[in-house]
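# Examination of the molecular architecture
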Amino acid sequence: MSWNKNAFSYLTWVLYSFMAGVILIAVGAVLCTEAGLAAYWGIALAVLYGIIVCAAVFKFRALAPVLTSFSAEKRGILILVEAILVTALLFAGLFARVQGIGNAELSSEYYEAAKVVTGQRIPQIVHGASYLYIKLLHEVFVLLGNHIVNGIWVQIILQMTALLLLFFVMRKLAGAIAATVTFGFFMYAPYMIRNSLVLSPGMLYFLIFMIAVSLITWKFERKPEPALFFLAGILAAFCCYLDITGILLLVFAAGVIFCRRGEEVERGRKLASFLLCLTGAGVGFPVFLFLDAMLSGKAFRGVAGAWFALYAPEGFRLPVTFGPAGTSPEVWVLAGALTFGIFSFWCHRREERISSGVTALYFVMAAGCFGIFAEEQQSFFFTYVLLVLLAGVGVAQCLRTENAPEASEEAAVQSSLEDDLVIEELTDSEVESSVPEEAEEREGISAENETKEDALQREKALKEELKKESAEHKVQFLENPLPVPKKHVKRVMDYPLRSAPEDDFDFAVAEEDDFDI
């Protein structure tokens, strides 16, 4: 999924470059401090690394056509290698999480709220994702017993399933390279492993969010219809009801609506589609609040007031700080990969792939600065996920050469021309063979209830109609306006041609005749 480059694209690139540069300089400063150098040497280290990455990007860009042709020739083998690699990464990530179960915390407030105890009921919680998570844990404990390890296994399964969905979405929207890079990073990232070993509603909400993203991606891949835009708004409303980060679904839907497509879509139609998506969200959100009020036995005004109070801004603050935590190899790899996106943006003149992700990232960071996120679902998780996704897209952009929208346009034009040629070359036998099927579809009359004469008349009428349609779609070639050589006509003389025997073109010349002067 890509977008045409415009003024907004260059603005998002500036914001992305600023963010990636700040992270890189901060990591460099920490590394220099640990090495006994002054912190300002981190700027020089970041500039040096940026120069190296720039050279590497343009080197990859030079090799991209060769890699593209190779991938086209060995497509089946590469798909098999990709499947094997992703499977290996999946099992390796699962093994890393299972190994960490022994170090997991054995107490949690969610465990205490969800465990099966006589006379204990599940508490009413304003945060929708937390309430669903406690319900899920309670059902698991009913089936398997009050063991916190069972809850940790639930966390691992939720996270692994969500990451698999994320892999397929990334593969559909950004390609196999970006999907594989991000999936491998998530499998081994210590931050993601720690999140899978702590009982919290974050992984359940992450899975629900990815299910909604997958549905939107799958539906919008086909020909978009107004009902699909309205459905995307309803999905966003449901995720917003569970947690306010569901607004990111609207950002994603906007990115899908305004992306480059094989067919040209008017800007006004795109705006109308996005307004329909917003309408679906505006209609669906009060409905979910009303269902909550009806099921909990509370007043609608009280439920709505509690939701808005939960996400009320708390004042401006900077939740992100740099310190010893920034020295982990996880952050080094992430900062290094983000740098690729600064230069890979310029590898394509007409399209880019970071606008939607950068917009969502800055929205999450700005909302986190104003403290509108709930304590149960902090903003750092989605900030981290979006940074990893942008890093994967930036790396993949270095190796991408084909322009999918333009290729699809050419394929559509070629398909249209082929359809015209097929119509032009339609024979009478093909028309006659297609008449019975057309008769059943258009008239809907059973062959058993009609006479033979009626069937013949209808077939004859349909045959004439198909011939008329083929004549209308027939390609009309222009007459050649240039002069062409006339066709040679063979002629045979019908009279004899005889020569007189005295005909002699040699004239006798006297010896004294001399024309030399």
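Structure: see above.
In short, a report on the structure. Keep in mind that this is a model prediction, so the values were computed, not measured. (Residues numbered from 1 in each chain as written. Predicted model: local features only at pLDDT ≥ 70, side-chain atom pairs only at ≥ 80, totals over all residues. Heavy atoms only, no water.)

### A word on the environment of Y205
Note the following rule: Helix and strand assignments follow DSSP, with helices taken as H or I runs no shorter than four residues and strands as E runs no shorter than two, numbered in order from the N terminus. Relative accessibility thresholds used throughout: buried, under 20% of the residue-type maximum; exposed, over 50%; partly exposed, between the two (1.4 Å probe, protein chains only). Contact between two residues is taken to exist if any of their heavy atoms lie within 4.5 Å; hydrogens are not considered. Counting of polar contacts relies on pairs of N or O atoms within 3.5 Å, with two restrictions inside protein: one atom must be capable of donating a hydrogen and the other of accepting it, and residues adjacent in sequence are counted only when both atoms are side-chain atoms.
Following the sequence through the fold, Y205 ends up in helix α9 (residues 202-221). Taking the relative accessible area as the measure of exposure, Y205 reaches 1% and is therefore buried. Separated by 73 residues in sequence, Y205 and L132 place their C-alpha atoms 9.1 Å apart. Dropping the residues within four chain positions of it, Y205 is found in contact with A129, C239, L242, D243, T245, G246, Q377 and F382. Polar side-chain contacts of Y205 include one of 3.2 Å to the side chain of T245.

### What to know about helix α13 (residues 300-310)
Going by this rule: The directions considered for the arc run from the helix axis to the C-beta atoms.
Considered for burial, the residues of α13 that qualify are V303, A304 and W307. For α13, the angular spread of buried residues about the axis comes to 95 degrees, placing them on one side. Opposite its buried face, α13 presents the exposed residues R301 and A309, each directed more than 90 degrees away.

### What to know about the packing of aromatic side chains
As a reminder, the rule being used: Within 6.5 Å between ring centres, the rings of Phe, Tyr and Trp (the latter by its six-membered ring) count as paired, and their orientation is classed by plane angle as stacked under 30 degrees, edge-to-face over 60, tilted in between.
For the coordinates displayed, the defined rule picks out 22 aromatic pairs. When the centroid spacing of 4.6 Å and the interplanar angle of 50 degrees are considered together, the rings of Y191 and Y384 count as tilted. Here Y191, found in helix α8 (residues 190-195), pairs with Y384, found in helix α16 (residues 380-397); they are 193 residues apart in sequence, far enough to count as distant. When its relative accessible area of 14% is taken as the criterion, Y191 is described as buried. Considering the side-chain rings of Y241 and F288, the 6.4 Å spacing of their centres and the 25 degrees angle between planes classify their relative orientation as stacked. With Y241 in helix α10 (residues 226-242) and F288 in helix α12 (residues 267-296), this pair connects stretches of sequence that are 47 residues apart. No difference in accessibility class separates Y241 from F288, as the two residues are buried. Grouped by ring-pair contacts, the aromatic residues Y205, F206, F209, F381 and F382 constitute a single cluster.

### Some remarks on the pattern of salt bridges
What counts, and what does not: For salt bridges, the criterion is a side-chain nitrogen of Lys or Arg within 4 Å of an Asp or Glu carboxyl oxygen.
Considering all chains together, one arrives at two salt bridges under this definition. The partner of K115 in a salt bridge is E112, and the shortest N-O contact between them spans 2.9 Å.

### Considerations on the side chain of R97
Inclusion rule: This count recognises Lys and Arg as positive and Asp and Glu as negative, with His and chain-terminal groups excluded.
Among the secondary structure elements, R97 is positioned in helix α3 (residues 75-99). Within the buried set, R97 has no salt-bridge partner at all; the shortest N-O distance to an opposite charge, 9.3 Å, is to E330. If sequence neighbours within four positions are ignored, R97 has contacts with I156, Q159, M160, L163, F186, M187, M192, I193, S196 and L197.

### A word on the nonpolar core
This is how it is decided: Among the buried residues, those of types Ala, Val, Leu, Ile, Met, Phe, Trp, Tyr and Cys that are joined through side-chain atoms within 4.5 Å form a nonpolar core.
Counting residues in each nonpolar core, the largest one holds 112 residues, and the members touching the most others are F186 and L338. Ranked by residue count, the leading element in this core is helix α6 (residues 148-174), at 14 residues. Setting aside residues up to four positions removed in sequence, L338 forms contacts with Y16, A20, I23, L387, L390 and A391. Core analysis: the second largest hydrophobic core is formed by five residues, V57, F340, C347 and C398 among them.

### A word on a nonpolar patch on the surface
Applicable threshold: Nonpolar side chains (Val, Leu, Ile, Met, Phe, Trp, Tyr) are joined into patches within 5 Å and like charges within 9 Å, using only residues with over 30% relative accessible area and no salt bridge. Residue-level accessible areas treat just the shown protein chains as cover; the underlying method is Shrake-Rupley with a 1.4 Å probe.
On the surface, a cluster of nonpolar side chains totalling about 730 Å² of accessible area is made up of I25, L37, Y40, W41, I43, V47 and I51. Counting residues per element, the nonpolar patch draws most heavily on helix α2 (residues 41-73), which supplies four residues. Considering the arrangement of structural elements, one finds I43 in helix α2. Judged by its relative accessible area of 46%, I43 falls in the partly exposed class.

### Quick word on empty space enclosed by the protein
Here is the rule: We place a 1 Å grid over just the protein atoms. Points where a 1.4 Å probe fits but has no way out form a cavity, open points with protein on both sides within 12 Å along at least 5 of 7 lines form a pocket, and any residue with an atom within 4 Å of a point lines it. Grid points are joined across faces, edges and corners, and a volume is the space filled by probe spheres set on the points. Three categories are distinguished: nonpolar for Ala, Val, Leu, Ile, Met, Phe, Trp, Tyr, Cys and Pro, charged for Asp, Glu, Lys and Arg, and polar for the others, with Gly belonging to the last.
In this structure the tally under the stated criterion is three cavities of 30 Å³ or more. Roughly 500 Å³ of volume is contained in the largest cavity. Around the largest cavity sit 24 residues that line it, and F252, S356, G357, L386 and L389 are the ones nearest its centre. Listing elements by their share of the lining of the largest cavity, those giving two or more residues are α6, α9, α11 (247-257), α15 (355-369) and α16. Here the residues of the lining of the largest cavity sort into 21 nonpolar, two polar and one charged. Counted as a void, the second largest cavity has a volume near 50 Å³. The wall of the second largest cavity is formed by E105, S107, S108, I152, L197, V198 and L199. Here the residues of the lining of the second largest cavity are counted per class, giving four nonpolar, two polar and one charged.

### Regarding the packing of helix α5 (residues 128-144) against α6
Our working definition: Under this scheme, a helix contributes an axis fitted over its contacting stretch, all axes are lines through C-alpha atoms, and angles between N-to-C directions fall in the 0 to 180 degree range. With respect to orientation, any angle under 35 degrees is reported as roughly parallel, any angle over 145 as roughly antiparallel, any angle of 65 to 115 as roughly perpendicular, and every other angle as oblique. By definition, any crossing whose near helix is turned counterclockwise from its far helix by less than a right angle is left-handed, and any crossing with a clockwise turn is right-handed.
As a packed pair, α5 and α6 sit with axes 10 Å apart at the nearest point and diverge in direction by 125 degrees. Considering the angle they form, α5 stands oblique to α6. At the point where α5 passes α6, the crossing takes the right-handed sense. Of the residues in α6, those touching α5 at Y133, L136, L137, V140, F141 and L144 are N150, G151, V154, Q155 and L158. Looking at the contact of α5 with α6 residue by residue, the classes come out as eight nonpolar, three polar and no charged.

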